[in-house]
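These are the residues of each chain, in order.
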Amino acid sequence: MTLASIVVPTVGRVSLGALLAALGSLPPDIELLIVDDRADRRTPLEVPARVIAGRAAGPAAARNTGWRAAEGEWVAFLDDDVLPDPDWIERLTDDLRSAAPTVGGVQGELRVPLPPDRPPTDWERVTAALADGEWLTADMAYRRAALARAGGFDERLPRAFREDAELALRVRLAGWELHRGRRRATHPVRPEDQWISVRAQRGNADDALLRRLYGPNWHAVLGIPSGRRHRHAVVTACLAAAAGSALLRVATGDRVWSRVAALAAAGWAAGTAEFAVARIAPGPRDSREVTTMLVTSAVIPPVAIAHWLRGWLRWRGAEPHRPVPEAPCVPLPDGSAVPRRRRNR
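Quick notes on the rules
Residues numbered from 1 in each chain as written. Predicted model: local features only at pLDDT ≥ 70, side-chain atom pairs only at ≥ 80, totals over all residues. Heavy atoms only, no water. Core = buried A, V, L, I, M, F, W, Y, C linked by side-chain atoms within 4.5 Å. Buried < 20%, exposed > 50% of the residue type's maximum accessible area, 1.4 Å probe, protein only. Helix = DSSP H or I, 4+ residues; strand = E, 2+ residues; numbered from the N terminus. Contact = heavy atoms within 4.5 Å. Pairing = 2+ DSSP bridges. Right-handed = clockwise from strand over helix to strand, strands pointing away. Axes fitted to C-alpha atoms, helices over the stretch in contact; angles between N-to-C directions. Parallel < 35°, antiparallel > 145°, perpendicular 65-115°, else oblique. Left-handed = near helix turned anticlockwise from the far one by under 90°. Nonpolar A, V, L, I, M, F, W, Y, C, P; charged D, E, K, R; others polar.

## Points about the nonpolar core
Counting 30 residues, the largest nonpolar core has I6, V8, I34, W74, L78 and W88 as its most contacted members. Contributions of two or more residues to this core are made by β1 (4-10), α1 (15-23), β2 (30-36), β4 (74-78), α3 (88-97) and β6 (103-111). Once you skip the residues sitting within four places of it in the chain, W88 turns out to touch I6, L23, A76, L78, D139, R183 and R184. Grouped together as the second largest cluster of nonpolar side chains are 23 residues, A70, F77, A168 and V171 included.

Set out below in structure tokens:
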């Protein structure tokens, strides 16, 4: 019997090779599945493992594809940019065999190496927070029965953002316990450009879905920090008020709108400055980092609120995620397989 299936969704990162090398030879009761989630699969994915074709619909969908094709009693998810310790397989086996029947999931420990000779940048600090996160599918094993009962990942959450915390909540609501294991893996900080913090604001649309599903206290329900969205809303409102008042001053000629615009602009400047200082102070404070923080701190609040509003409108009729029947895999011409698509109700 297969004890565990290791499922690794990939978008083709070069780090996948290092992950596979770190896993090494697997014992007979452990299988390895790679979910090829690249948008362009014309070039075959040359890996020493079974390859399953994904739909390029995000990590939640790719993991669903993987666990539904897996044969193991347990499904151990790994991201394609983590590096398991040399004894990871042995410790994974210990974690799973020692789990009580009531345990539906066992999390591995993540390390995030930071520069030893300088303070971390804003992006490095964001990545380092993964080390303290709960139930992160960068290294998380679930019983197949728990996944089936909970319905797997909610594919309406298309980013690597909140989808694992939301699944963990549903697994626990289904009656399973979640524990921490002894296996360890390293999650390096990926190189990113200066705009990564702005692009990350797309996750606010996912937060809007979670707000619809779990109510005003959804942060506490999912065990997620509340963030700065309320402050971003105030700063964005000041910016909108300043721009609107300036237009009214031009249109009406009434000087009172100049004073309103000045007050609103002062509020925007104060909020933006506070945000920038909070991000600059703990970092290396070199010219590149300071410039990046100043520019992105001005851009992030309106972008975050725009994404939140977009999600709020899109998910205004959202219903809780429900399990769907597992679909059989359909073979593809290249030898891989993909499950038949079913509508998520």
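Now that the structure is up, let's keep going.
## Brief notes about the pairing of β2
Most of β2 sits inside the fold, with seven of its seven residues counted as buried. Residues I30, L32, I34 and D36 of β2 are buried on one face, and the alternating residues E31, L33 and V35, pointing to the opposite face, are buried as well. Where β1 meets β2, seven bridges bridge the pair, whose relative direction is parallel. Its bridge partner lying in β2, A4 is registered against I30. Chirality of the crossover, the property in question, places the unit of β1, α1 and β2 among those that are right-handed. Note that β2 and strand β3 (residues 50-53) share four bridges and pair parallel. Counterpart to L33 in the pairing with β3 is R50.

## Comments concerning the sheet that holds strand β8 (residues 177-186)
Overall, mixed pairing links the eight strands, which are arranged β3-β2-β1-β4-β7-β6-β8-β5 in an open sheet. Where the open sheet ends on each side, the last strands, each with one partner, are β3 and β5 (83-84). Where β6 lies against β8, seven bridges are found, and the strand directions are parallel. Paired with L110 across the bridge in β8 is A185. Sitting on the sheet, α3 touches β1, β2, β4, β5, β6, β7 (139-143) and β8, and the angle it makes with β8 is about 170°. Along the sheet, helix α6 (residues 163-173) contacts β7 and β8; its crossing angle with β7, the most-contacted strand, is approximately 30°.

## Observations regarding the packing of helix α10 (residues 229-252) against helix α11 (residues 256-280)
Between α10 and α11, the least distance of the axes is 8 Å, while the angle of their chain directions is 155°. By the criterion of interaxial angle, the relationship of α10 to α11 is roughly antiparallel. Classified by chirality, the crossing of α11 by α10 is left-handed. Taking contact as the criterion, the partners of R231, H232, V235, C238, L239, A241, A242, S245, A246, L248, R249 and T252 in α10 are, on α11, W257, S258, V260, A261, A264, A265, G267, W268, G271, T272, E274 and F275. Classifying every residue of the contact of α10 with α11 gives 14 nonpolar, seven polar and three charged.

## Concerning unusual backbone geometry
Backbone geometry places A56, a non-glycine residue, at a positive phi of 55°. Tracing the chain through its elements places A56 in the loop between β3 and α2 (59-69). The class for A56 is partly exposed, based on a relative accessible area of 40%. Phi angles above zero are rare outside glycine, and W135 is one such case at about 60°. You can see W135 is positioned in the loop between α4 (122-128) and β7.

## Topic: the pairing of β1
For β1, a buried count of seven out of seven residues is recorded, marking the element as mostly surrounded by other parts of the structure. Residues A4, I6, V8 and T10 line one face of β1 and the alternating positions S5, V7 and P9 line the opposite face, and both faces are buried. Pairing between β1 and β4: four bridges, direction parallel. If you follow S5 over to β4, its bridge partner there is V75.

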